[in-house]
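Observations on chain architecture
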Amino acid sequence: MKVKITNEPENRLLTICFEASVYLFSREMSRRVTFIEKFVQKWPGRKTFGIYRFMPLFFLLGATLEYAMINWRPLGVNFYDVYQKKEAKKIAEEALEEENL
(Lines give C-alpha, C1' and ligand atoms only; values in the text may rest on other atoms or scores of the structure.)
Protein backbone atom coordinates (compact mmCIF):
# COMPACT_ATOMS: atom_id res chain seq x y z
CA MET A 1 0.00 0.00 0.00
CA LYS A 2 1.54 3.27 -1.08
CA VAL A 3 0.64 6.54 0.57
CA LYS A 4 0.93 9.64 -1.53
CA ILE A 5 3.76 11.79 -0.24
CA THR A 6 3.13 15.49 -0.18
CA ASN A 7 5.14 18.39 1.12
CA GLU A 8 2.85 18.78 4.11
CA PRO A 9 4.75 17.82 7.28
CA GLU A 10 1.85 15.85 8.82
CA ASN A 11 1.40 13.60 5.78
CA ARG A 12 5.13 13.10 5.33
CA LEU A 13 5.58 12.06 8.97
CA LEU A 14 2.62 9.72 8.74
CA THR A 15 4.03 8.16 5.57
CA ILE A 16 7.46 7.65 7.11
CA CYS A 17 5.99 6.08 10.25
CA PHE A 18 3.75 3.79 8.21
CA GLU A 19 6.56 2.59 5.96
CA ALA A 20 8.84 2.02 8.95
CA SER A 21 6.19 -0.03 10.76
CA VAL A 22 5.53 -2.15 7.66
CA TYR A 23 9.25 -2.81 7.27
CA LEU A 24 9.73 -3.78 10.93
CA PHE A 25 6.61 -5.96 11.00
CA SER A 26 7.58 -7.85 7.86
CA ARG A 27 11.10 -8.36 9.18
CA GLU A 28 9.82 -9.69 12.52
CA MET A 29 7.33 -11.99 10.79
CA SER A 30 10.04 -13.40 8.54
CA ARG A 31 12.10 -14.21 11.65
CA ARG A 32 9.14 -16.01 13.22
CA VAL A 33 8.43 -17.97 10.05
CA THR A 34 12.04 -19.11 9.72
CA PHE A 35 12.04 -20.21 13.38
CA ILE A 36 8.87 -22.25 12.82
CA GLU A 37 10.25 -23.75 9.61
CA LYS A 38 13.46 -24.76 11.36
CA PHE A 39 11.51 -26.28 14.25
CA VAL A 40 9.26 -28.28 11.91
CA GLN A 41 12.19 -29.48 9.79
CA LYS A 42 14.15 -30.65 12.84
CA TRP A 43 11.25 -32.64 14.31
CA PRO A 44 12.14 -36.36 13.99
CA GLY A 45 10.23 -38.97 11.96
CA ARG A 46 9.63 -37.07 8.74
CA LYS A 47 10.26 -39.98 6.36
CA THR A 48 8.58 -42.62 8.49
CA PHE A 49 5.46 -40.83 9.76
CA GLY A 50 5.10 -37.79 7.52
CA ILE A 51 2.64 -35.26 8.88
CA TYR A 52 1.57 -37.66 11.64
CA ARG A 53 4.92 -37.21 13.40
CA PHE A 54 3.37 -34.35 15.39
CA MET A 55 0.62 -36.51 16.93
CA PRO A 56 2.50 -37.25 20.18
CA LEU A 57 2.99 -33.53 20.71
CA PHE A 58 -0.72 -32.83 20.28
CA PHE A 59 -1.61 -35.82 22.46
CA LEU A 60 0.53 -34.40 25.28
CA LEU A 61 -0.95 -30.92 24.81
CA GLY A 62 -4.46 -32.38 25.01
CA ALA A 63 -3.62 -34.38 28.13
CA THR A 64 -2.14 -31.28 29.75
CA LEU A 65 -5.26 -29.28 28.93
CA GLU A 66 -7.51 -31.98 30.36
CA TYR A 67 -5.40 -32.19 33.53
CA ALA A 68 -5.59 -28.42 33.94
CA MET A 69 -9.37 -28.45 33.44
CA ILE A 70 -9.73 -31.02 36.22
CA ASN A 71 -7.19 -29.83 38.78
CA TRP A 72 -6.63 -26.10 38.20
CA ARG A 73 -9.06 -23.94 40.18
CA PRO A 74 -8.87 -20.26 39.26
CA LEU A 75 -11.11 -18.30 41.64
CA GLY A 76 -12.05 -21.58 43.36
CA VAL A 77 -13.98 -23.06 40.43
CA ASN A 78 -12.90 -25.48 37.72
CA PHE A 79 -14.48 -26.65 34.48
CA TYR A 80 -16.18 -29.74 35.91
CA ASP A 81 -17.76 -27.84 38.82
CA VAL A 82 -19.41 -25.50 36.32
CA TYR A 83 -20.51 -28.45 34.17
CA GLN A 84 -22.04 -30.28 37.15
CA LYS A 85 -23.95 -27.17 38.26
CA LYS A 86 -25.38 -26.65 34.77
CA GLU A 87 -26.39 -30.30 34.48
CA ALA A 88 -28.06 -30.23 37.91
CA LYS A 89 -29.93 -27.06 36.95
CA LYS A 90 -31.04 -28.63 33.66
CA ILE A 91 -32.30 -31.80 35.40
CA ALA A 92 -34.15 -29.72 38.02
CA GLU A 93 -35.84 -27.59 35.34
CA GLU A 94 -36.92 -30.71 33.42
CA ALA A 95 -38.35 -32.21 36.63
CA LEU A 96 -40.32 -29.01 37.31
CA GLU A 97 -41.69 -28.98 33.77
CA GLU A 98 -42.79 -32.60 34.14
CA GLU A 99 -44.44 -31.78 37.46
CA ASN A 100 -46.34 -28.85 35.95
CA LEU A 101 -47.65 -30.91 33.04
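Residues numbered from 1 in each chain as written. Predicted model: local features only at pLDDT ≥ 70, side-chain atom pairs only at ≥ 80, totals over all residues. Heavy atoms only, no water.

This part takes up the overall build of the chain. Secondary structure assignment for the chain yields 4 helices and 0 strands. Element order for the chain, N to C, with α for helix and β for strand: α-α-α-α. Counting across all 101 residues of the chain, residues that qualify as buried make up 4%. For the chain, the exposed surface amounts to about 9,700 Å²; the carbon and sulfur share of it is 66%. (Helix = DSSP H or I, 4+ residues; strand = E, 2+ residues; numbered from the N terminus. Buried < 20%, exposed > 50% of the residue type's maximum accessible area, 1.4 Å probe, protein only. Areas by Shrake-Rupley, 256 points an atom, 1.4 Å probe, with all protein chains shown as cover.)

The next point concerns the packing of aromatic side chains. By convention here, two paired aromatic rings are described through the distance between centres and the angle between planes. Here the structure, examined in full by the defined rule, presents 3 aromatic pairs. Ring centres 5.0 Å apart and planes at 80° place the aromatic pair F79 and Y80 in the edge-to-face group. Overall, the relative accessible area of 41% leaves F79 in the partly exposed class. A relative accessible area of 28% means that Y80 is categorised as partly exposed. Members of the aromatic cluster, each reached through a chain of ring pairs, are F39, W43 and F54. (Phe/Tyr/Trp six-rings, centres within 6.5 Å; stacked < 30°, edge-to-face > 60°.)

So, on to unusual backbone geometry. Backbone geometry at L75 places phi at a positive 60°, although glycine is not the residue there. Considering the arrangement of structural elements, one finds L75 in the loop between α3 (55-71) and α4 (79-100). Given the relative accessible area of 88%, L75 is considered exposed.

We now examine the side chain of R53. One can find R53 in the loop between α2 (46-49) and α3. Buried and unpaired, R53 has E37 as its nearest opposite-charge partner, separated by 12 Å. Only 3.0 Å separates the side chain of R53 from the backbone oxygen of V40, close enough to count as a polar contact. Reaching out from R53, the side chain makes a polar contact with the backbone oxygen of G50 at a distance of 3.2 Å. The contacts of R53, once residues within four sequence positions are left out, are V40, W43, P44, G45 and R46. (Lys, Arg positive; Asp, Glu negative; His and termini not counted. Salt bridge = Lys/Arg side-chain N within 4 Å of Asp/Glu carboxyl O. Polar contact = N/O pair within 3.5 Å; in protein donor to acceptor, adjacent residues only side chain to side chain. Contact = heavy atoms within 4.5 Å.)

On to a nonpolar patch on the surface. On the surface, a cluster of nonpolar side chains totalling about 520 Å² of accessible area is made up of F49, I51, Y52 and M55. Mapping M55 onto the fold places it in helix α3. (Patch = residues over 30% accessible without salt bridge, like charges linked within 9 Å, V, L, I, M, F, W, Y side chains within 5 Å.)

So far we have only geometry, and geometry alone does not tell us how the molecule works.
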